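# Chains, contacts and geometry: an overview
Take a look at the letters that make up each chain.
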Amino acid sequence: MAKGDLRKNLRRGVYVIPTSLTILNLFFGFRCIVFATRALEAIANGHASMAAEMFETACLSLLFAAIFDTFDGMVARQLGATSEFGKEYDSLADVVTFGAAPAVLVYAWGLHLLDKLGGGIAFLFLVAGSLRLARFNIMTGKTDYRYFVGLPIPAGALTIASIINYASSPVNDRRFATVIAIVTVAIAFAMVSPIRYRSQKGLALQKERSLMYFLALALIVGLASKWPREFWFVLAIGYLASGPFIRLWSIAFPPRRADPELIEPLEVP
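A few words now on a nonpolar patch on the surface. A contiguous nonpolar surface patch, about 430 Å² in accessible area, is contributed by Leu60, Phe64, Ile67, Phe71 and Met74. Tracing the sequence through the fold places Phe64 in helix α2 (residues 48–79).

Here's what the structure looks like:
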């Protein structure tokens, strides 16, 4: 085998790694849909406890999907294996995993009580997520990398999953289903809104940190281990609220800019 052919085959092998992670992302999204539909069937048969267990499995599937979605792009960049095919395939997988899967999940859990209205709201979430992905694709490289414009679709899906995982028993009250519908609509509009959310790319992880930073990290890990449902729920809701909060804070306390009339000119000798 020629040396050039060997390098070409190795290059193809490198490309397989991030694509395989994207496939795992898609698999867990499909797994979420399967368990959500099985849970809806269990509700119809009067097995609420069985449905709750299936909802928990569906929520955890979305969490695993988000982990693989995070690492496929990271691994591709580290290996120098980024490609247009990989970007397009990742977006298509995200529509299924973080658009269709949470829409089916929230419908099966509570929105089905609202009949056609509930189905329409679940579809609204899917549409908002797909629009969010399309906007992200055309704005990549044109905006500040430290921020997302609109709530990222994985964050929207994980917010839905965190709520359901926190209270996995099927909803049987139309008034509470109405509250869930309002929350779902709010998340959908957050994804297509111009509100900026902090990106993990803007975190300076390579900078030196004090010991207090690692103590705080250990405390967070301990809390997450002790109360995983509550921690996931608070973290997701906190990130959802962080965008509007930062926006309102910047309006109330705009950054001070130096007045050019008050700046003394430098004397040139």
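Once you've had a look at it, read on.
What follows covers the packing of aromatic side chains. Applying the stated criterion across every chain yields a total of 10 aromatic pairs. Plain terms: the ring middles of Phe27 and Phe28 are 5.1 Å apart, the flat faces sit at 70° to each other, and that makes the pair edge-to-face. Taken together, a centroid distance of 5.9 Å and an interplanar angle of 5° make the contact between Phe85 and Tyr89 stacked. On the criterion of helical spacing, the pair formed by Phe85 and Tyr89 is a turn pair, its members being 4 residues apart in helix α3 (residues 84–109). What makes Tyr89 partly exposed here is its relative accessible area of 24%. Taken together, Phe27, Phe28, Phe64 and Phe68 form an aromatic cluster joined through their ring pairs. Over the ring of Phe35 we find Arg38; its NZ or CZ atom is 5.1 Å from the centre of that ring.

Glancing now at the packing of helix α4 (residues 115–139) against helix α6 (residues 174–192). The relative placement of two packed helices comes down to the angle between their axes together with the axis-to-axis distance. Direction vectors running N to C along α4 and α6 enclose 15°, while the axes themselves pass 8 Å from each other. Overall, the two elements α4 and α6 adopt an arrangement that is roughly parallel. Seen along the crossing, α4 lies across α6 with a hand that is left-handed. Here Asp115, Ile121, Leu124, Phe125, Ala128, Gly129, Leu131, Arg132 and Arg135 of α4 come into contact with α6, specifically with Arg174, Ala181, Thr184, Val185, Ile187, Ala188, Phe189, Met191 and Val192. Taken together, the residues of the contact of α4 with α6 sort by class into 12 nonpolar, 2 polar and 4 charged.

As a further point, take α6. Across its 19 residues, α6 extends 27 Å between first and last C-alpha, which sits within 8% of the 27 Å expected from 1.5 Å per residue. Among all positions of α6, only Ala177, Ile180, Ala181, Thr184, Ile187, Ala188, Ala190 and Met191 are buried. Along its buried surface, α6 packs onto α3, α4, β1 (147–149), α5 (153–166), β2 (196–198) and α8 (228–252). Of the residues that open α6, the one with a side-chain oxygen 3.1 Å from the backbone nitrogen of Arg175 is Asp173.

Right, let's talk about the pattern of salt bridges for a bit. What the rule picks out here adds up to 3 salt bridges. Between Lys87 and Glu84 there is a salt bridge; the shortest N-O distance is 3.9 Å. Of this pair, Lys87 and Glu84 both sit in helix α3, 3 residues apart, which is roughly one turn of that helix. Among the salt bridges present, the one from Asp173 reaches Arg175, with a minimum N-O distance of 3.7 Å.

Time to look at the environment of Met74. Checked against the element boundaries, Met74 lands in helix α2. Taking C-alpha positions, Met74 is 8.5 Å from Pro18, a pair spaced 56 residues apart along the chain.

A few words on α3. With 26 residues, α3 extends 37 Å from end C-alpha to end C-alpha; this agrees with the ideal 38 Å at 1.5 Å per step. Considering bend angle alone, the principal kink of α3 is centred on Asp94 and spans about 25°.

With that settled, the discussion passes to the packing of α3 against α5. Between α3 and α5, the shortest axis-to-axis distance is 9 Å and the interhelical angle comes to 25°. Considered as vectors, α3 and α5 are oriented roughly parallel to each other. Taken as a pair, α3 and α5 cross one another with a handedness that is left-handed. Here Asp94, Phe98, Gly99, Pro102, Leu105, Val106 and Trp109 of α3 come into contact with α5, specifically with Ile153, Pro154, Ala157, Ile160, Ile163 and Ile164. Looking at side-chain class alone, the contact of α3 with α5 contains 11 nonpolar, 1 polar and 1 charged residues.

Here is what the cut-offs are and how they apply
All residue numbers here refer to positions counted from 1 along the written sequence of the relevant chain. Selection of residues for local features in this predicted model requires a pLDDT of at least 70, selection of side-chain atom pairs for listing and counting requires 80 or more, and totals for whole chains, interfaces and linings are taken over all residues. Water and hydrogen atoms play no part in the side-chain values, which are based on all heavy atoms of the structure. Surface patches are defined over residues having more than 30% relative accessible area and no salt bridge, joining like charges when they lie within 9 Å and nonpolar side chains (Val, Leu, Ile, Met, Phe, Trp, Tyr) when within 5 Å. For every accessible area listed, the method is Shrake-Rupley and the probe measures 1.4 Å; residues are considered covered only by the protein chains on display. Whenever Lys or Arg places a side-chain nitrogen within 4 Å of a carboxyl oxygen from Asp or Glu, that contact is recorded as a salt bridge. Per the convention used, a helix needs a DSSP run of H or I reaching at least four residues, while a strand needs a run of E reaching at least two, with both numbered from the N terminus. Here a Phe, Tyr or Trp ring, Trp counted by its six-membered ring, pairs with any other such ring whose centre lies within 6.5 Å, and the pair is stacked when the planes are under 30 degrees apart, edge-to-face when over 60, and tilted otherwise. Relative accessible area decides the class of each residue, using a 1.4 Å probe on protein chains only: under 20% of the type maximum gives buried, over 50% gives exposed, and in between gives partly exposed. Both a distance and an angle decide whether a charge sits over a ring: NZ of Lys or CZ of Arg must be within 6 Å of the ring centre and within 35 degrees of the ring normal. Axis geometry follows a simple rule: fit a line to the C-alpha atoms, using only the stretch in contact for helices, then measure angles between N-to-C directions, giving values from 0 to 180 degrees. Each angle gets one of four labels, with under 35 degrees taken as roughly parallel, over 145 as roughly antiparallel, 65 to 115 as roughly perpendicular, and the rest as oblique. Should the near helix be turned anticlockwise from the far one by less than a right angle, the crossing is termed left-handed; should it be turned clockwise, right-handed. Any two residues whose heavy atoms approach within 4.5 Å at even a single point are treated as in contact. Polarity classes work like this: nonpolar for Ala, Val, Leu, Ile, Met, Phe, Trp, Tyr, Cys and Pro, charged for Asp, Glu, Lys and Arg, and polar for all others, with Gly in that last group. Take the residue count of a helix, subtract one, and multiply by 1.5 Å to get its expected span. The term polar contact refers here to a pair of N or O atoms within 3.5 Å; inside protein, the definition further demands a hydrogen-donor-capable atom paired with an acceptor-capable atom, and it admits residues adjacent in sequence only when both atoms are side-chain atoms. Across the chain, bend at a residue is computed as the angle between axes fitted to the seven residues ending at that point and the seven starting from it.

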